[in-house]
Amino acid sequence: MSPRAESRRGEEVASNFFVTTGSGNLVDPRQRVSPRNIPTLLAHEFVWMADENTRKAVSQIPLLKTQAGPRERALWPQRLKEEYQALIRFVENNKAADNDWFRLESNADGTRWTGTCWFVHEMLRYEFRLEFDIPVTYPDTAPEVALPDLDGKTAKMYRGGKICLTEHFAPLWARNSPRFGLAHLMALGLGPWLAVEVPDLIAKGLVVHFEQRKAPL
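Residues numbered from 1 in each chain as written. Predicted model: local features only at pLDDT ≥ 70, side-chain atom pairs only at ≥ 80, totals over all residues. Heavy atoms only, no water.

1. Quick notes on the pairing of strand β3 (residues 102–106)
Phase 1 of the analysis: Bridge analysis of β3 against strand β4 (residues 112–121) gives five bridges, and the strand direction is antiparallel. Bridge pairing links F102 to C117 in β4. (Pairing = 2+ DSSP bridges. Helix = DSSP H or I, 4+ residues; strand = E, 2+ residues; numbered from the N terminus.)

Listed below in structure tokens is the structure:
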């Protein structure tokens, strides 16, 4: 697939799958979504899952092709190659848009990922450790992203610091498997979670910037 065709395909995914009903059910993918019919959709209680910047960013992430998880030893290296290509493109695009916000690296076999993510709030940068394992049923099942530094600080988190994604994320991921990969997990899962939860945790005093934790002279 040419880069231009790949971009059009990404935009199609962004258009077809980023609208949900009020009950959480995804719109039939045959229903086209365009700027012209958005008001009509909203009138029928359809809501956008992501803001315009997120939709644009996701549409530019390469879609993955290889249906393989860690157990498929022959195909897993190819899947990993596609994952890295998508992540690199996503990070490069984020940097170009002045929206760089995470780093990831994996172990030798690509089954354990660790890194750092950060969120800027009121001109202060808050950094958090990031980690997850690739499920044996990947890519049909999305990884569970954990932020150990925030463990126990919010109800939108499971034991061990695993973030609780919205009810819309799982069906969205399932419908787009195996095309969605780790870059999509970051863009549609972790990114929106940080944008909602971190400001709230800061307001409650549960997250304090390191400069503000320094003892007074």
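2. Observations regarding the layout of surface pockets
Phase 1 of the analysis: Put simply, the largest pocket is a space of about 700 Å³.
Phase 2 of the analysis: Forming the boundary of the largest pocket are 24 residues, of which D51, N53, T54, N99 and W101 lie nearest the centre.
Phase 3 of the analysis: Listed by contribution, the elements that provide at least two residues to the lining of the largest pocket are α3 (52–59), α4 (76–96), β4 and α6 (182–203).
Phase 4 of the analysis: Here the lining of the largest pocket gets six residues from one element, more than from any other, and that element is α6. (1 Å grid on protein atoms, 1.4 Å probe; cavity = no way out; pocket = protein on both sides within 12 Å on 5 of 7 lines; lining within 4 Å. Points joined across faces, edges and corners; volume = space filled by probe spheres on them.)

3. A closer look at α4
Phase 1 of the analysis: Across its 21 residues, α4 extends 30 Å between first and last C-alpha, which sits within 8% of the 30 Å expected from 1.5 Å per residue.
Phase 2 of the analysis: Restricting attention to buried positions, one finds in α4 the residues W76, R79, L80, E82, E83, A86, L87, F90, V91 and N94. In an axial view of α4, the angular spread of the buried residues amounts to 165°, which keeps them on one side of the axis.
Phase 3 of the analysis: Structurally, α4 contributes buried residues whose contacts are with α3, β3, β4 and α6.
Phase 4 of the analysis: A positive backbone phi angle near 55° is found at D98, which sits one or two residues after α4. (Expected span 1.5 Å × (residues − 1). Buried < 20%, exposed > 50% of the residue type's maximum accessible area, 1.4 Å probe, protein only. Arc of directions from axis to C-beta. Contact = heavy atoms within 4.5 Å.)

4. Digging into the sheet that holds β4
The strands that make up a sheet pair up through hydrogen bonds in the backbone, lying either parallel or antiparallel.
Phase 1 of the analysis: The strand order across the open sheet formed by three strands is β3-β4-β5, and the pairing between neighbours is antiparallel. The open sheet has two edge strands with one neighbour each: β3 and β5 (124–133). Across this sheet, the average inter-strand angle for adjacent strands is 15°, counted without regard to direction. (Axes fitted to C-alpha atoms, helices over the stretch in contact; angles between N-to-C directions.)

5. Structural notes on the pattern of salt bridges
Phase 1 of the analysis: Enumeration according to the criterion identifies nine salt bridges in this entry.
Phase 2 of the analysis: For D100, the salt bridge goes to R103, with nearest N and O atoms at 2.7 Å.
Phase 3 of the analysis: Among the salt bridges present, the one from E127 reaches R125, with a minimum N-O distance of 2.8 Å.
Phase 4 of the analysis: Of the residues examined, E127 reaches a relative accessible area of 45% and is grouped as partly exposed.
Phase 5 of the analysis: What you see here is one network of salt bridges that share partners, running through R112, E131 and D133. (Salt bridge = Lys/Arg side-chain N within 4 Å of Asp/Glu carboxyl O.)

6. Digging into the packing of aromatic side chains
Phase 1 of the analysis: For the coordinates displayed, the defined rule picks out eight aromatic pairs.
Phase 2 of the analysis: Between Y138 and W173, the ring centres sit 6.1 Å apart and the planes meet at 45°, which makes this aromatic pair tilted. Here W173 lies in helix α5 (residues 169–176) and Y138 lies in the loop between β5 and β6 (157–158), a separation of 35 residues in the sequence.
Phase 3 of the analysis: Its relative accessible area of 2% is what places Y138 among the buried residues.
Phase 4 of the analysis: With a relative accessible area of 2%, W173 lands in the buried category. (Phe/Tyr/Trp six-rings, centres within 6.5 Å; stacked < 30°, edge-to-face > 60°.)

7. Focus: α6
Phase 1 of the analysis: The end-to-end C-alpha distance of α6 is 30 Å, a good match for the 32 Å that 22 residues give at a rise of 1.5 Å each.
Phase 2 of the analysis: The sharpest bend along α6 comes to roughly 30°, located at L190, with the proline P192 sitting one to four residues further on.
Phase 3 of the analysis: By the criterion of burial, α6 is predominantly enclosed, with 16 of the 22 residues buried. (Bend = angle between axes of the 7 residues up to and from the residue.)

8. A look at the environment of I88
Phase 1 of the analysis: Residue placement: I88 occurs in helix α4.
Phase 2 of the analysis: You can call I88 partly exposed: its relative accessible area is 46%.
Phase 3 of the analysis: The sequence separation of I88 and A183 amounts to 95 residues, and the corresponding C-alpha distance is 8.6 Å.

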